[in-house]
Structure formats: C-alpha cells, structure tokens
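Commentary on secondary and tertiary structure
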Protein chains: 2
Amino acid sequence: MIERIQLGHGSGGRMMHQLIRDFFAPAFQLRSLNDSTVVDWTSTGRIAVTTDSYVISPYFFPGGDIGVLSICGTVNDLSMAGARPLYLTAGFILEEGMPVEDLKGILNSMKIAAATAGVKVIAGDTKVVEKGKGDGIFINTAGIGIVEDGLDLSPAAIRPGDNIILSGPVGCHGMAVMAERNGISFEPKIISDVRPLNRLVEVMLGTTKDIRVLRDPTRGGVATTLKEFAIESGYCMMVQEDLIQVPPGVQGACALLGLDPLYVANEGILLAVVAPAVAGELVREMRNTAAGADAAIVGEVSGGPKQTVLLKTGTGGSRLIDMLSGGQLPRIC
Amino acid sequence: MIERIQLGHGSGGRMMHQLIRDFFAPAFQLRSLNDSTVVDWTSTGRIAVTTDSYVISPYFFPGGDIGVLSICGTVNDLSMAGARPLYLTAGFILEEGMPVEDLKGILNSMKIAAATAGVKVIAGDTKVVEKGKGDGIFINTAGIGIVEDGLDLSPAAIRPGDNIILSGPVGCHGMAVMAERNGISFEPKIISDVRPLNRLVEVMLGTTKDIRVLRDPTRGGVATTLKEFAIESGYCMMVQEDLIQVPPGVQGACALLGLDPLYVANEGILLAVVAPAVAGELVREMRNTAAGADAAIVGEVSGGPKQTVLLKTGTGGSRLIDMLSGGQLPRIC
C-alpha cells in the first residue's frame, strides 16, 4: 500500500492505472478508465457550461475540503445560470509526496457532495508534478447543465425598483479558511458555508420566473457581486447594511483582522435580483429550504448614481461600495 | 502595463477582471465574463465528455506550447471516442511571477489551435497561486462532442485477424520536450507532433464504420496503448517493429538516453484497430490527410498469448512488450 503520491502515478503506466482503479474509479463509479466518456443525451435547446479550478489552501478546512468545494462550486456556477446541473468532469493535479490518505478523504467528500447535489462525475484526469511545483492538490471541475427554454437570467434584465435578495449569512467560508490557515480559533467557531445551491434555485424558479439574475458571491464577496450587478445593469444597487446577516464569529474575526465581511468569500449563498411583486413570496419559499432558511430582502435597485453600490448604514448614513483592486484573501477557493 | 502575474490577479477583484478582459476574453471571443456560458444545443443521442489537465514543463517547446497542447489533447481525446468535438472549457492556474508575455503567447496559441480544430472555448476560469506553489502555468481543458448514432468504438469490439494501423511516426513529442528541458540539441532537430486529429478521424469514419477502436498514444506511448488494447480486448496485439516509423532524430536521442521510443509520448498520432477487409482502403484515405500522411498497417490481432503485446523484430525474433510501472518522462503533457 502506497502512502504518498509519487511522480510515477502521473506518467501513464501501471502505477497510474492502479491509482485510478483503486481510488478514482470507485469514488465516481466510472464505467471505464478511458480518456472520454460517452453518455446518453436527450435534451435539445440550450446547455450551460462552466469550469473552475480549485486551489484552496489548506485543502482541509472547517466545514469541508477541496473535494466538496470542487463539486459545490461548479454545481453552483451552473445553478446561477438557471441551469439544472447534470454532469461534471474532474481533473486532478497532485504534488509528489501528497499523503494518499488525504486524497482518499477528498475523493470521498466529492462522492458525497455529488450524490447530495444529484450530479454525476463522468470523466477524470490525473497529473502529478514534482514536490515544490504544486501544493498538495489542485482540482478542476467542469460542468454541463440544461437551461429551461425561455429562461435567460442576466444583469441586463435588472430594472429600477427590483428587489435584492440574499439567501443567507455572509463571510463564513472565507473566514473559516482564514482561521484554519493561520491556526487561529474564533469563538463561536466559524464553519464554511460550502454547499450545493441547485435545490434552492429549483425552488426559486418553481416559484416565479420573474427572477432577473442569480449570482453566488464567492471570490470578492457580496460587495463585488453587487458591484458587478451595478456595472452590468447600469443601475444603482442600494442595500441596507443591517439586513445583511454577519454571524458573530465572522463579525469578531473580521474586526480583529481589519477585514470587511462584505468582501469575504462565500460558497453557500446567493444574491438574486427579482421583480418587486414576487419578492415576498420568493423569500417565503426560500426559507422553506435548508440553504435558504435565512433568506431576506436586503435592498433594491434604485435610481441613484449609475453603476454604483450604495450601502445604507444603521445610523442613517450611506457609503459607496467599490470592487477591491486585488483581493483580501488569496486562495480561498 | 503589468509584466508579471500577481496574486491579486486571482482574487476576484478589479485586477482579475482586467486580466480576463484584456487577455482571456479577446483570445476566446467570450461573450460575457460570467462563470457559466449558455449555448444553443440542437443534438440528442449521445455526447462524449472529457477532461485533461496540462502541466508540461517547460511550457514552451519545439513545435508548440502548453496552449496548443491543451486544445489539441482534449480535441483528440474526444476524437478517439469517435466524437465530433464542439466546445471546450479552459481553467488556468497561474503562478505568481509568471511573465504576462508568456501568458499572451500561450493564449494566442490556444486561439489558433481552436480555430484549426474548429472548436470553441466557451467558458474559462483563472486562479493564481503563490510563487513556489505552482510552475508557471497549468491549464485544464474539458471538452464536449457529439457521437454519431450507432457508433461505439471500444476495445471490446476487437477480434482476432483485425489489423492495427498507426497514423504516423512515433516519439516526437516526448523527445522534443525532453531535449528542450535538458538543453540538449539533437540533429536533425526533433519537433513535437502536437496537432488536432479530428479531421483525420472524420475522414476515417467517413471511409468505413468497421473501426473497432481508436486511441492516441500519449503518456506511456505506443507500447502502453497496445497493452491497454490487449488487456481490454483479451487478445494478443502482434506488431512488426520495422513497420513502426521512428524519425532519425528520435532514434538517436533515445539511443543516447537509453529510452525506448515505443514508450515515448506522442500528441499527434493515433492507433486504430480495424476489420482486415477495410484496412487497405482506410490507410489510403488516411494518407490523403496531413495528419495521416504516414499511416501504415503495423500489425494484427493474433491468437497469441492472451492480453499480451508481441513485437516482431526485423531479425525474425519477437519480444513481449509490457506497460512500464511508472513512466520514462514525467510532465510531458
């Protein structure tokens, strides 16, 4: 039994075949170990396609690991396009010396996350790089989903008066990773919110078609996503600071480190811009789901300065929210 | 104008938006910078899906670079399933400090290779890791193609008496990379054979449907692919050593370094097992294409020892060919 990944595990010979047969094939129930997989396809119309590489450090963190992240992140990207996620591919770049136990744990997380989200991993690839040329494990997942006819979620559909809905509390993923990376422990302990959002989106689209756009505020956080909405729609996004839930642990950690929770990455919440007439009902339906239990209307699209995000503070003041130049925390996904 | 990749280019803020807008979007004519892309889809039946990560070192080599490789490799994986490649995704993991000029060159190669192969890159992602946690650039491409009804290429279809066709000379890619990596120059200079094989496969499938299986001998080379055919079909693959073309440069370099060209990676040739009745015509048609100009029947499926590869040498002897345990040359793709 090998304990650590070796260069030979990436070079096409017997060692690689064994690694795939023993670890990857069982995790994904792959029917063959070929380079391509052929699957039945019954739908015409439109498909959504996405890709994401995951380089998070450390690869185990409170509430998850790079494996669950690599499934949920890509499922969520498809979901934000209004697509029903069906198939994923998974490409692995392993660093020589990576403990095989870690790989096993990560693959198991992927298996569970894929089952939870109802998607299938149907093709994979493994490469190995020399020690010091990678960082344990990088995973790329690409995803394919089906988009219902007539559905076209886009910031271009945003109109003044629309409501802005946030599905849950902010900052958990980024701060959980940050704490783990720096060996800091906050009270209460911060757990990543990483989870698939496709069921929540199904409920939302089953409730109304008057949703303009959906987006999950990952890298760059809620602030960056709102700024993207503002730029891409041309309108002003006006949000109420006290309606955005920041868990006490995140609040404290951000204060301590001088970070703004609005810029911290999330992996299990979404922002939606919706027609005002449907916003109330939508929030009620969202709250009946696990991922949307804390959904709330947090703001609206206003006639304020074009392409801006205005944050109304509890004291009655307001401040402009911009995109950061770089980012607060590298490698949180 | 930035000269080197910085961590901020991966963190979701303005720097990342600029990098994508200035470099990635023009290369792939992306319609939006969103996480998912929605495209029209008119086909039902079956689709082929594949993924491959490219970690080749060095990322520029004689005859190509990691960009052209990342397009051709994935196009070829789809082609080997008998699929017509349509869409690709591209995920980039950049190392802090990578020269932006290099990235520009690689993206340009991808653009040209995609146009040559007739595929579209429709979704992308960029991550940046700290200096010393990557190696310049890693690229993952996933691909989607359409498989014609009734076509089912598989080693399970292989029968005794079938002919084995090789589409061109062996060993060029691996030895070109090896030479570049070690600063060695061979005469004549060795150039990688990296190229898309989808047109060649189109011609082949247009000529006959009596093709059992196609596979491109990349990592592990021709020897490993033949061994895979032998194991997966249960039969003996008998090939004539003197019918396998090894270019003089590759021959000399392998002799010097003690390598067997049959195990060296290729990126622009394929092995086909076909019904004997169609083999002659197929080779003639293949020779009318650029990628198949040197196609030849190099052996046949025999009643020899099960699951083996037998190499008949010029002197009338024969030797068994096995899979290597690890590989000869790490990171050649």
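Above this text is the structure in question.
First, a word on scope: everything that follows refers to the structure included in this document. (Residues numbered from 1 in each chain as written. Chains lettered and ligands numbered in written order. Predicted model: local features only at pLDDT ≥ 70, side-chain atom pairs only at ≥ 80, totals over all residues. Heavy atoms only, no water.)

1. Brief notes about helix α3 (residues 100–117) of chain B
Residue and element names in this part refer to chain B. Taking 1.5 Å of rise per residue, the 18 residues of α3 would be expected to cover 26 Å, and the 26 Å separating its terminal C-alpha atoms lies within 8% of that figure. Regarding α3, the residues found buried are Val100, Asp102, Leu103, Ile106, Leu107, Ser109, Met110, Ala113, Ala114 and Ala117. Positioned one or two residues after α3, Gly118 has a phi angle of 75°, which is positive. (Helix = DSSP H or I, 4+ residues; strand = E, 2+ residues; numbered from the N terminus. Expected span 1.5 Å × (residues − 1). Buried < 20%, exposed > 50% of the residue type's maximum accessible area, 1.4 Å probe, protein only.)

2. Brief notes about the relation of the copies chain B and chain A
Rotating chain B by 180° and moving it 0.0 Å along the rotation axis overlays it on chain A with an RMSD of 0.0 Å. The operation mapping one copy onto its partner corresponds to a two-fold rotation axis. Judged by C-alpha distance, B:Gly134 is the residue of chain B that lies nearest the rotation axis, at 2.2 Å. Most of the interface of chain B is mirrored in chain A, where 100% of its interface residues are also at the interface. (Least-squares fit on C-alpha atoms with pLDDT ≥ 70 in both. Contact = heavy atoms within 4.5 Å.)

3. Points about the interface of chain B and chain A
Every contact between the two is made by 73 residues of chain B and, on the other side, 73 residues of chain A. When the buried surface of chain B facing chain A is broken down by residue, B:Arg14, B:Val49 and B:Arg219 rank first, second and third, together holding 11% of it. Between B:Asp322 and A:Arg14 there is a salt bridge whose closest N-O contact spans 3.2 Å. Residue assignment for the side of chain B that touches chain A shows that the elements contributing at least two residues are α1 (14–28), β1 (36–41), β2 (45–54), α2 (66–80), β5 (83–95), β6 (120–129), β7 (137–147) and α6 (221–233) of chain B. (Buried area = accessible area lost by both parts, 1.4 Å probe. Salt bridge = Lys/Arg side-chain N within 4 Å of Asp/Glu carboxyl O.)

4. Looking at the sheet that holds strand β2 (residues 45–54) of chain A
In space, the five strands of this open sheet follow the order β6(A)-β5(A)-β7(A)-β2(A)-β1(B), with mixed pairing throughout. Unpaired on one side and paired on the other, β6 (120–129) of chain A together with β1 of chain B mark the two borders of the sheet. Averaged over all adjacent pairs, the angle separating strand axes in this sheet is 20°, with direction ignored. Where β2(A) meets β1(B), six bridges bridge the pair, whose relative direction is antiparallel. If you follow A:Val49 over to β1(B), its bridge partner there is B:Thr37. (Pairing = 2+ DSSP bridges. Axes fitted to C-alpha atoms, helices over the stretch in contact; angles between N-to-C directions.)

5. Points about the pattern of salt bridges
Summed over the entire model, instances satisfying the criterion amount to 32 salt bridges over all chains. In this structure, A:Glu148 and A:Lys209 form a salt bridge, with 3.9 Å as the shortest nitrogen-oxygen distance. Residue A:Glu148 is located in the loop between β7 (137–147) and β8 (163–166), and its partner A:Lys209 is located in the loop between α5 (198–207) and β9 (211–215); the two are separated by 61 residues in the primary sequence. Given a relative accessible area of 45%, A:Glu148 falls into the partly exposed group. Residue A:Lys209 is classed as partly exposed on the basis of its relative accessible area, which comes to 44%. Two residues, B:Glu130 and A:Arg331, come together in a salt bridge whose shortest N-O distance is 2.6 Å. Remark: A:Arg331 occurs in the segment after β14 (318–321) and B:Glu130 occurs in the loop between β6 and β7; the pair is interchain, linking two chains. For B:Glu130, a relative accessible area of 23% puts it in the partly exposed group. Through salt bridges with shared partners, one network takes in A:Asp52, A:Arg219, B:Asp125 and B:Lys127.

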